[in-house]
Amino acid sequence: MSEGKQGKPCQLHPQSMCPAFGSLRILSRIEGSHPVMATDTGCLYGLTFVTHFYGARKSILAAHLGTDELMSGEVVESTIAAIEVAAKEPDCKLIPVVSLCVAETAGMPEEMLPKKMGDAEVVLVRVPAYAIHSHPEAKDIALAALLRRLGDESRPRDNKTVALVGEVFPADPLAIDALLRKMGVEATITLPGRSLHDLRRARSVGAVAPLHPFYKETSALFRSWNVPVVGGAPVGATGTYAWLKSIGTLLGLDPKLVEEVASEERATAEAIMQANPLEGKVFVTGYEGTETAYARLLVEAGAVVPYISTSIGSEPLTLPDESWLRARGTQEVVYRKSLEEDVAALDKYQPDLVLGTTPFASIAKERGIPAMYFTNQLASRPFFLSGGMAATLGFIKQTLDRGSRYQWMQDFFSDEDKEETAPVEPSHA
Amino acid sequence: MPNVIRDLADTSSYWAAVWSMCAMPDVHVICDAPIGCFNLVATAIPDYTDAVPHIENITPSVIREEEVGGTGTGPAVQRTYEGLRDEGLLEGKHLIVVSTAESEMIGSDLSDLVTKLQPGTTFFHSESLTDDEWRGRDRVMQWLWENYGADKADGIDVEPGLVNIIGPTYGCFNAPSDLHEIRRTIEAVGGRVNMVYPYESMLGNTANLAKAQVNIVLHQEYGYTLAETLGQPWLYAPIGMQATTEFVLKLGELLGTTEQAKAFIKQEKRTTLQAVWDLWRGPQGDWFSTATVGISATKTYAEGLKAYLGDELGMPIDFVASRPGGMGNEEVRQRIHKKAPAFLYGSINERIYLSEAGAKQTAFMPAAFPGAVVCRAVGTPYMGYRGTVYIIQEIVNRLYDTLFNFLPVDEAYNRVRNGVANNGAATNGIEIGNMPWQSEAKALLDEALENVPYLSRISASRELQFKVESYAHQQGVEEVTPEIAAAALGLPERSQ
C-alpha cells in the first residue's frame, strides 16, 4: 500500500461494525425488551442478521419504510404500528425505537411517538451511521437514552454502591463485585445488562465506573445526577491498584482496608505476570473501543505493542491509556482507523500476533502471521482483575506459541494462483 | 394499518447489486454508503453466508453528516475514486458506482459524475428503497448484460452444446453444492458449461453469454429476465427426483442428446439414486408418512422440498412459506408456536420461533438465509439427483438422533452430576410415575401430546407424565386431577 501526500496511507476502508449494531445488541438483550427498527430493508436485514448471531434469539420488528412512507411523511405512523405489535409480546416492558439513517433523514419527531404502549416504555434511540461512526459509541448512546428515561429519581442514594458500565465477560463483574465488597462496597450493578430493574436503580449509586472508554454520554448523564465517575479500569497490576484506590476515595471507604485489598490484588497480578511473561510484538487493532485497555495489559505482561487502532474517536476518557502506552514504547494509536492504516503498520512493524478486525486478521494470516478476530476471541473472555488477566494472558501466550500453524497454512496455500475474489476457486471464463 | 415487518428475510436490491457485481474479479464497486451499509454487505454478513472473510473489491464513499446535510455525495464519491486510482486499485477493473437506500433518500443521482471518472465507469441506481434482493438480482443481471454484453454480442454465434448457468451470486443459500451438482448433470447429459454468471465470470466477458445454446437459471427468484433476453431456450434447475428427471430429458431434447440423457437417468438409478431406493425399501422409509414437515424458504427451495418430501416421499407437509410473497413470518411464527412440525426447513428466523416455542423435539434443517451456516462443501446439494440423496440422508440421520435422545439413561449419572446424594432426595422418597390419574386429566395429557411430533411422543409422554406427577406431589395431592394436569402442562384454565 503506497502512502499519500502527508506520509499517511490513503483511508479508503473505515473499519467498524455497522454503528447501529452496538445499540441493537444491548437493547435486544434486556429481558422484556422488544426493539422496533425504523430503517430501510437492506440495513434491517443486516442488523437483524448480526443481532441473531451476536445479540439475542429475539424476533425483531420493524416499521415498513419504503419510498411511499419515507417521502410522504408516514415514518411515525408506520413506526407506531410496529410499536403496537411489539407491545403485545408476552411481558413486554420496554420498546426501544431504533431510528437509523433513512428514518433520521426523513425525520422522526420524538414528540409524535408515544411514551408508553400498554405496559411498555417506548424509548427513542437515534443511531444513524452517518453521524455515529462506530458501534461502541452507539452502545453509549443507547444506554444513555435508556437511563435518561428509566433512571429513578425517587430512590435514595446508596452511597456504598457502584455501577460498572461496559459489556464484559459475565464472570468479570462477579470477580469485581467480590473484591469491592472486601473493601466495604455494599453492592454493584452492571450496565448494560439483562435487567430493566438495574437501569431504574442505577441513578441512585454512589459512583459509576465506566470499564470502557467510550461511555461519554452515559458518564455525562451520571455527572448530571451528581454521581462521581471513576477514571481508568481494573486492568493489569498498576491499573487495577489505581482503580481500586480511586473507588475507595470516591466512596469514602476505610483507606487502610482499601490499601490492603488493592495492594494484595496488585501483588497477585504481578505474580501472575512474572510467572508467565509474554514475549513478542502484538498489534491490538479491533473495532470494539476497548483496544487500549487490552494493549495496556499486554505491555505490562512484557509484550511490545507498537501499534494500536480502534474505531472510536479520541476522547478525554481514552487519553490516560494512550499516554501510559506511549510512555512504554507504543508508536502509534490510531482512532477512527481504516484498513489501509492497519496494513501500512503491518508492513512497518512486522508483528508476531495480530488481534484485529476480520479483514485485517485475514490479511495477516495470508502472510503467515498468527491473527484473530478481536471481537470474537478477546472481547468474550475474562479480562479484568488478576483472574481475568490470567485467562487473557494465557490465551495470548498460547496463540503466540501456535505461530508455526499459521506458517504451515500459508506455505500450503501459497503455491496456488489465487484470483482476487474467488468464492469457490472458480475458473473465471 | 401500515405493514409491520417481522424478522425481515429478504434484503434490499442494493445488497443484490453488490453481491452480484463483486462476484466478478474484474469489477470494483464504489457503494455510495454510510459505513454501516458497507460493513454489513461486505464483511459482517458474507462472513456467515458465504464464509469469505470480506469482499475486497468494494469501497464506500462513507456518507457522513455533511453529505446528508447539503453537499450531497458527489464530492465523497469523487474523493473515493481518486484514492482508489492513486493506490492503483482500479487497474484492469470496471468501476461501477452503486446507490444505497441512504444515497437515494437524499436524492443523489451520480449519472453525470461517473462520466468524469475513469472511462467506462457506470452508475447503477439500485432502487434500494423499493426493490428486494430478488428483483434486484434479476434487474442487475439484465443491466450488466445491457451495459457490458449486448453491444459486443452481435457477432457472436451460438455454439451447439454450450450451456450457461445463470446464478448464483454471493448470499445464495447452498450455492456451491447446488452449482456443482447442476454442472455435473449438464455434463452428464452431454452439454459443456460455457459461463457461470456472475459467480465464475469476468464482467469483460459478459458478451460470451450469447454463445450458449441453452441457459439454466439456477434459482427461480432471479435471472429469468436475462435468460429471456438471451433468446435461447432456458430451464430452471430442479429439486426432487421427478423434477430432475424432467430436467435431464428436456435438456437432452434441447441439446439433441436424448439418448445420452436417458442413459444417464438409467445409470443414476443404479448408482446415485440407489440410496433413495434402499432407504425407501428399508425401515427408514416407514417413518416418512408420520414425520411432518414445515418449510419456510425462497421459492426454489420451498417448492422443491415440498415436491420431493411431500409428493414423492409422502411426508405430511404442515405448511410452506415461499418467498418472496408467501404467508409471511407473522403467520409462520404463529404456526410454529401453536404446533411445531417434526422437521422444519428454514432460516434462523424459524429457528428463533422454535426457541420461543420451546420446541426441542423439532429437527431444524437450514434451507435459507438469513442465518450463519457454512455451505462450502460441494457434497451437500439440494438440487439434482445427488440432492435427493443428501436430503433423505439428513432426514434419516435426524430421525436417528431423535431415537437416540429418547433411549433412557440411568438417572444416577444425572444425580452425581448435580451433587444429589441418592434417589430419595430427588423425590422425597415418593415414587413419581405411579400416581393415579383421573380420566379427564389423562385426556389433557393426550391433548398435550398431540402437539409433539409423532416420533417423539413416546419419550414426551413419559416426560410430561413425570412433570405432572412431580407438580401434583409438590401440591400435596395423591391423585392427578384435571386442574393439576392443566396447571403443570401450561394449558389454559378449564371451566368446571
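(A) Region of the structure containing the overall build of chain B. When you go through chain B residue by residue, the secondary structure sums to 21 helices and 13 strands. Along the longest, intermediate and shortest principal axes, the C-alpha atoms of chain B span 85 × 65 × 45 Å. Within chain B, the proportion of its 496 residues that are buried is 50%. Long-range contacts, defined as pairs at least 24 residues apart, comprise 71% of the intrachain contacts of chain B with a sequence gap of at least 6.

(B) Fine view of the overall build of chain A. Helix and strand content of chain A: 19 helices and 13 strands. Relative to the globule expectation of 22 Å for 429 residues, the C-alpha radius of gyration of chain A, 23 Å, shows essentially globular dimensions. Counting only C-alpha atoms, chain A reaches 75 × 60 × 40 Å along its principal axes. Buried residues in chain A amount to 54% of all 429 residues. For chain A, the proportion of contacts with a sequence separation of at least 24, taken over those separated by at least 6, is 72%.

(C) View of the sheet that holds strand β7 (residues 192-197) of chain B. All names here are of chain B. The four strands lie next to each other as β7-β6-β8-β9, forming an open sheet whose pairing is parallel. Unpaired on one side and paired on the other, β7 and β9 (234-236) mark the two borders of the sheet. Averaged over all adjacent pairs, the angle separating strand axes in this sheet is 25 degrees, with direction ignored. Examined bridge by bridge, strand β8 (residues 214-217) and β9 share three bridges and lie parallel to one another. Looking across to β9, one finds that Val217 is bridged to Tyr236.

(D) Layout of the sheet that holds strand β5 (residues 120-126) of chain A. If you walk across this open sheet you meet the six strands as β4(A)-β5(A)-β3(A)-β1(A)-β2(A)-β1(B), and the pairing is mixed. Sheet topology places β4 (116-117) of chain A together with β1 (4-6) of chain B at the edges, where each strand pairs with a single neighbour. In this structure, strand β1 (residues 36-38) of chain A lies alongside strand β2 (residues 61-63) of chain A, joined through two bridges in parallel fashion. Counted as the bridge partner of Met37 of chain A is Ala62 of chain A from β2 of chain A. Where helix α1 (residues 19-28) of chain A meets the sheet, it contacts β3 (94-99) and β5 of chain A, and its direction lies at approximately 175 degrees from that of β3 of chain A.

(E) Inspection of helix α8 (residues 171-182) of chain A at higher detail. Residue and element names in this part refer to chain A. Taking 1.5 Å of rise per residue, the twelve residues of α8 would be expected to cover 16 Å, and the 17 Å separating its terminal C-alpha atoms lies within 8% of that figure. Those residues of α8 that fall on the buried side of the exposure criterion are Asp172, Pro173, Ile176, Leu179 and Leu180. For α8, the buried positions fall inside an angular range of 130 degrees around the axis, keeping them on one side. Of the surrounding secondary structure, the elements contacted by the buried residues of α8 are β6 (158-165), β7 (187-191), α11 (236-251), α12 (255-275) and α18 (385-401).

(F) Here's a closer look at unusual backbone geometry. Residues and elements named next belong to chain B. Along the chain, Tyr197 connects to Pro198 via a cis peptide bond; the corresponding omega equals 5 degrees. Structurally, the position occupied by Pro198 is in the loop between β7 and β8. Cis geometry is found at the peptide bond from Phe369 to Pro370, where omega equals 5 degrees. Along the chain, Pro370 turns up in the loop between β13 (363-366) and α16 (384-405). Notably, Asp7 is not glycine yet its phi reads approximately 45 degrees, a positive angle. Considering the arrangement of structural elements, one finds Asp7 in the loop between β1 and α1 (13-21). The class for Asp7 is buried, based on 26 C-beta atoms found within 10 Å.

(G) Spotlight on the interface of chain B and chain A. Chain B puts 69 residues into the contact, and the matching count from chain A is 58 residues. Take the side of chain B that touches chain A: its biggest share by element is eight residues, from helix α2 (residues 35-44) of chain B. Counted by class, the side of chain B that touches chain A contains 39 nonpolar, 17 polar and 13 charged residues. In the sheet, β2 of chain A pairs with β1 of chain B via three bridges, with the strands oriented antiparallel. Paired with Ala63 of chain A across the bridge in β1 of chain B is Val4 of chain B.

(H) Focus on the pairing of β8 of chain B. All names here are of chain B. The alternating pattern of β8 places Val214 and Ile216 and Asn215 and Val217 on opposite faces, both of which are buried. Direction of pairing for strand β6 (residues 162-166) relative to β8: parallel, over a ladder of four bridges. Looking at β8, one finds that Ile166 is bridged to Val217. Following the backbone out of β8, through helix α9 (residues 224-230) and into the adjacent parallel β9, one traces a crossover that is right-handed.

(I) Spotlight on the confidence of the model for chain A. All names here are of chain A. On average, residues of chain A score 93 in pLDDT, and 95% of them are at 70 or above. Within the model, the stretch residues 1-5 combines pLDDT values under 50 with eleven contacts to residues more than four positions away or in other chains. Ignoring residues within four places in sequence, the model shows residues 421-425, a span with pLDDT below 50, making eleven contacts including any to other chains.

(J) View of the nonpolar core. Among the nonpolar cores identified, the biggest contains 272 residues, and Val97 of chain A together with Val18 and Ile216 of chain B are the most heavily contacted of them. No other element matches helix α7 (residues 135-150) of chain A, which puts eight residues into this core. Apart from residues no more than four positions distant in its own chain, Ile216 of chain B is found in contact with Val163, Asn164, Ile165, Ile166, Ile182, Ile186, Trp234, Leu235 and Ala237 of chain B. Ranked by size, the runner-up nonpolar core spans eleven residues in total, among them Leu445, Val468, Ala472 and Ala485 of chain B.

(K) Representation of the confidence of the model for chain B within the structure. The predicted model of chain B averages 93 in pLDDT, with 97% of residues at 70 or higher. If you check the scores for this complex, the pTM reads 0.92 and the ipTM reads 0.92.

(L) Region of interest: the packing of helix α13 (residues 291-300) of chain A against helix α14 (residues 319-326) of chain A. Residues and elements named next belong to chain A. It is the contact of α13 with α14, at a shortest axis distance of 10 Å, that shows an interaxial angle of 30 degrees. Handedness of the α13/α14 crossing: left-handed. On the side of α13, the interface is formed by Thr292, Ala293, Ala295, Arg296 and Val299, while α14 contributes Asp321, Glu322, Trp324 and Leu325. Split into classes, the residues belonging to the contact of α13 with α14 amount to five nonpolar, one polar and three charged.

(M) Fine view of the packing of helix α12 (residues 274-281) of chain B against α16 of chain B. Residue and element names in this part refer to chain B. Across the interface, α12 lies against α16 with an axial gap of 9 Å and an inter-helix angle of 35 degrees. As for how α12 packs across α16, the hand of that crossing is left-handed. Note on element contacts: α16 touches α12 through Thr388, Val389, Ile392 and Val396, opposite Ala275, Val276 and Leu279. Classifying every residue of the contact of α12 with α16 by side-chain character gives six nonpolar, one polar and no charged.

(N) Spatial organisation of the pairing of β7 of chain A. Residue and element names in this part refer to chain A. The pairing of β6 with β7 spans five bridges and is parallel. In the strand pairing of β7, Ala163 is matched with Ile189. Handedness of the β-α-β unit built from β6, α8 and β7 comes out right-handed.

Thresholds, definitions, all that
Residues numbered from 1 in each chain as written. Chains lettered and ligands numbered in written order. Predicted model: local features only at pLDDT ≥ 70, side-chain atom pairs only at ≥ 80, totals over all residues. Helix = DSSP H or I, 4+ residues; strand = E, 2+ residues; numbered from the N terminus. Buried ≥ 20, exposed ≤ 12 C-beta atoms within 10 Å, placed from the backbone. Contact = placed C-beta atoms within 7 Å. Rg over C-alpha atoms; globule rule 2.2 N^0.38 Å. Pairing = 2+ DSSP bridges. Axes fitted to C-alpha atoms, helices over the stretch in contact; angles between N-to-C directions. Expected span 1.5 Å × (residues − 1). Arc of directions from axis to C-beta. Nonpolar A, V, L, I, M, F, W, Y, C, P; charged D, E, K, R; others polar. Right-handed = clockwise from strand over helix to strand, strands pointing away. pLDDT = per-residue confidence, 0-100. Core = buried A, V, L, I, M, F, W, Y, C linked by C-beta atoms within 7 Å. Left-handed = near helix turned anticlockwise from the far one by under 90°.

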